[in-house]
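# Architecture and fold: a report
So you can see what is in the structure, the chains are spelled out below.
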Amino acid sequence: MSYIEIHGNKPLDGSIKLHGAKNSVLPILAATLLVKGECVIKNAPHLSDVGVCIEILNHLGADCTFIDGTLIVNTKNVTRTDIPKELTAKMRSSIVFLGALAASQGRAQVSLPGGCRIGERPIDMHLCALSALGYEIKVSESYVKCLRQNARANAVTLSFPSVGATENVILASVLLKGRTTICNAAREPEIKDLADFLVSAGAIIHGAGSSVITIDGVNSLHSTEHKVISDRILASTLMSAVAITGGDVLLREIDLPSVRPVLGVFKRMGAELVSGNKTLRVKFKTRPRGVELIKTNVYPGFPTDSQAPVMAALCIAKGTSVIVENIFENRMMHAKELLRFGADIVSDNKTALVYGKPELHGADAYCTDLRGGAAVVIAGLGAKGVSRIYNINHIDRGYEKLENQLAALGADIRRIENEKENQPKTE
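Residues numbered from 1 in each chain as written. Predicted model: local features only at pLDDT ≥ 70, side-chain atom pairs only at ≥ 80, totals over all residues. Heavy atoms only, no water.

### Brief notes about the overall build of the protein
Within the protein, the secondary structure is distributed over 14 helices and 26 strands. Relative to the compact-globule value of 22 Å for 427 residues, the protein shows a C-alpha radius of gyration of 21 Å, a close match. Reported as C-alpha extents along the three principal axes, the dimensions of the protein are approximately 65 × 45 × 40 Å. Considering only contacts in the protein between residues 6 or more positions apart, those separated by 24 or more positions represent 73%. Charged side chains in the protein number 49 positive and 43 negative. The centres of these two groups are separated by 3 Å. (Helix = DSSP H or I, 4+ residues; strand = E, 2+ residues; numbered from the N terminus. Rg over C-alpha atoms; globule rule 2.2 N^0.38 Å. Contact = heavy atoms within 4.5 Å. Lys, Arg positive; Asp, Glu negative; His and termini not counted. Charge placed at Lys NZ, Arg CZ, Asp CG, Glu CD.)

### Description of the sheet that holds strand 20 (residues 344-347)
Strand order across the open sheet formed by 4 strands is 18-19-21-20, with mixed pairing between neighbours. Single-partner strands in this sheet number two, and they are strand 18 (294-295) and strand 20. In terms of strand pairing, strand 20 meets strand 21 (residues 351-355) through 4 bridges, oriented antiparallel. The residue bridging Ser347 from the neighbouring strand is Ala352, located in strand 21. Helix 10 (residues 304-314) contacts strand 18, strand 19 (320-324), strand 20 and strand 21 of the sheet and is inclined by roughly 165 degrees relative to strand 19. (Pairing = 2+ DSSP bridges. Axes fitted to C-alpha atoms, helices over the stretch in contact; angles between N-to-C directions.)

### Quick word on unusual backbone geometry
With an omega dihedral of 15 degrees, the bond running from Tyr299 to Pro300 counts as a cis peptide bond. Relative to the elements of secondary structure, Pro300 occurs in the loop between strand 18 and helix 10. One non-glycine residue, Asp68, lies in positive phi territory at about 50 degrees. Positionally, Asp68 belongs in the loop between strand 4 (63-67) and strand 5 (70-74). In this structure, Lys278 takes a positive phi of about 60 degrees despite not being glycine. The topology assignment puts Lys278 in the loop between strand 16 (272-275) and strand 17 (279-284).

### Considering helix 6 (residues 163-173)
An α-helix turns once every 3.6 residues. As a result, residues three or four positions apart point the same way. Within helix 6, 10 of the 11 residues are buried, which leaves the element mostly enclosed by the surrounding structure. Looking only at helix 6, the buried set comprises Gly164, Ala165, Thr166, Glu167, Asn168, Val169, Ile170, Leu171, Ala172 and Ser173. Capping the start of helix 6 is the job of one residue whose side-chain oxygen sits 3.5 Å from the backbone nitrogen of Gly164: Ser162. (Buried < 20%, exposed > 50% of the residue type's maximum accessible area, 1.4 Å probe, protein only. Polar contact = N/O pair within 3.5 Å; in protein donor to acceptor, adjacent residues only side chain to side chain.)

### What about helix 2 (residues 48-60)?
Taking 1.5 Å per residue, 13 residues should reach 18 Å; helix 2 reaches 19 Å between its end C-alpha atoms and fits that length. Within the sequence span of helix 2, burial applies to Asp49, Val50, Val52, Cys53, Ile54, Ile56, Leu57 and Leu60. The positive-phi residue at the C-terminal boundary of helix 2 is Gly61, with phi of around 115 degrees. (Expected span 1.5 Å × (residues − 1).)

Shown next, in the form of structure tokens:
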């Protein structure tokens, strides 16, 4: 079993180019089903979740080629309308294929999704929204069917600005005759990136990035080329790594507007931040300061995906920090793993009190989920001694060879492959 080994307490220095956003490329790959032709997707990251999307597209009949960060997807031969459990079980966001597949093929059968266990993440909102467009929904214990036959443009009001539900409605409506309006839509930058991709293929979409989105249906979409925006969560993860180790790092190809929700927190932590043309220089001269209160929220609030990495950095802060998780009810699982490094955290499923300590010590720890995995890696970077991080398949879902990115900045970190020694038992 592979694991990551870290010899910590080494400051980071240098510059690094951010890879494409995981949360953009996945719905964009689903959107290629709406294009009967070739889509060229640039700045696509090498992630295991992207690999699952490619498997899904191949299963449906698409032809996918991945070369040097560019994905070429041709969907002209797509004929299948089912996505089996062995594929959806690997990735919770596979539900975004439901709207795209039903819209393009007239019907879809998608097994209920899997992914990180960070909360229930019910798909009811997706199904209600598709029903409002006239799609016929049938749900069993193991799969959901979606039929387009009576679908029509309509106004859809979401009870919560869900990213996934907003994406599904956009994908399900771009080929429907008439105007669809989404009220209380998610405003995340990845929503706008999806819309930009679709517009480049001939869709008519206005308001993406705001709480009201309008889609005027078109008869068909054409082949296109699109560059995925950079990953704002990777940016906050690397910023957290600089905070816990000290150092001076330049983030390149950063989408500055999308990272603004985290900049205030890092400034309160004591970061020196200097922005340039698609760059952000992050410098910590001393230990970070505690932050009185951080509350996760939908965009443009502090992102839930940044909560775990920032918590790890605050473990060595001067003072006490309070973190409140408002999005997912089970997203504090990493707090227990951070205790292995000597951190002082009192937490439940929603709130964590982080009492900063002068230093952490090396430990064996486990990735609880994607962002929780990043948190324990960050703790290992800031700890004195050797740390080993297990269950790193979670990290590979959203970070492209994270250990290599950190090593390029001076971290003493490496991936150990196929070691025969037993993993330590969890408590």
